[in-house]
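Coordinate analysis (summary)
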Amino acid sequence: MKVKKIGGVLLFFLILTISTGKIYASDATFSFYPSSGVVRDVNDGFTVDILINSGENEVSKARAVIKFDPKIVKLSKAYRNNNLFEQWVENEISTDNVKGIVMLTSATTSIETIPYYVTEGDPDVFARLEFDIVTTDYTKPVILDFNYTGEDEELMSVILSTNDGNILNSRPLSATFTLGEGVDIPDTAIDMNIIGVVMGILLILAGGFIRSSRVDPFRRKRGTVVLFD
């Protein structure tokens, strides 16, 4: 009788371990880097990276849709990492400084060009956004949010695997920045000295759809960059 009980307990923990491993493997994420900090010089604005983690899944498409308050900030530049996916989906890339939204979508349809995206080690930089401060009320925080419903819908953030559909299973965390003097200086994920002058401005802020480009300013390894001068 005791042997059966012990066997049952071992079987339970084995099933639990397998289930936990499966959940971990499917945990794809978007995130901001940095996710908080102080904009010490409001005249210079600030920079934030969108990071992607496939959670060990093969990803065929990723769409990041970011919402911001256009009365506080405006998007001045957006850079895209061309290393991760085959192409940027032109009709799912847009920016609007009136409504305060930016949408970036990348996909791989043919693995003959580039394999499906899988994160290797640390999360990769999906895109980099540069913002200018437009408010004079420095008591208001800057909040960046991901649009998210869990469904593959227009203007909603998703990460699609080759087998399981949307594997972005929860809303990504927002980023919050304070305006004015401060002691904390967040860092972005890639050293600007590495990127240098070859970085191309890949989104022109016209509020409409943007054409794709193959300019490749990013590397898959992460570095450190001072966010605010």
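The structure this text deals with has already been given above.
The notes below deal with the structure included here. Nothing here was measured: the structure is a model prediction, and the numbers come from that model. (Residues numbered from 1 in each chain as written. Predicted model: local features only at pLDDT ≥ 70, side-chain atom pairs only at ≥ 80, totals over all residues. Heavy atoms only, no water.)

Looking now at unusual backbone geometry. In this model, Y33 is joined to P34 through a cis peptide bond whose omega is 0°. As for its position among the elements, P34 is in the loop between β1 (29-33) and β2 (36-39). Phi angles above zero are rare outside glycine, and E56 is one such case at about 70°. Of the residues examined, E56 reaches a relative accessible area of 56% and is grouped as exposed. In this structure, L155 is a non-glycine residue whose phi angle is positive, near 65°. Relative to the helices and strands, L155 resides in the loop between β10 (142-146) and β11 (158-161). (Helix = DSSP H or I, 4+ residues; strand = E, 2+ residues; numbered from the N terminus. Buried < 20%, exposed > 50% of the residue type's maximum accessible area, 1.4 Å probe, protein only.)

Next up on the list: the sheet that holds β1. Taken in spatial order, the four strands line up as β1-β3-β9-β5 in an open sheet, and their pairing is antiparallel. Here the strands that pair on one side only, and so sit at the sheet edges, are β1 and β5 (73-80). With strand direction ignored, the average angle separating the axes of adjacent strands in the sheet is 25°. The sheet contact formed by β1 and strand β3 (residues 46-53) spans five bridges and is antiparallel. From the neighbouring strand, T29 faces β3, where its bridge partner is N53. (Pairing = 2+ DSSP bridges. Axes fitted to C-alpha atoms, helices over the stretch in contact; angles between N-to-C directions.)

Before going further, it helps to spend a moment on the packing of aromatic side chains. For the structure shown, the criterion picks out nine aromatic pairs. An aromatic cluster is defined as three or more aromatic residues linked by ring pairs; in this entry it consists of F30, F32, F85, W88, Y117, F126 and F146. (Phe/Tyr/Trp six-rings, centres within 6.5 Å; stacked < 30°, edge-to-face > 60°.)

Counting through the fold element by element, S76 comes out in strand β5. Judged by relative accessible area, S76 falls into the partly exposed class, the value being 23%. Separated by 31 residues in sequence, S76 and G45 have C-alpha atoms that sit 9.3 Å apart.

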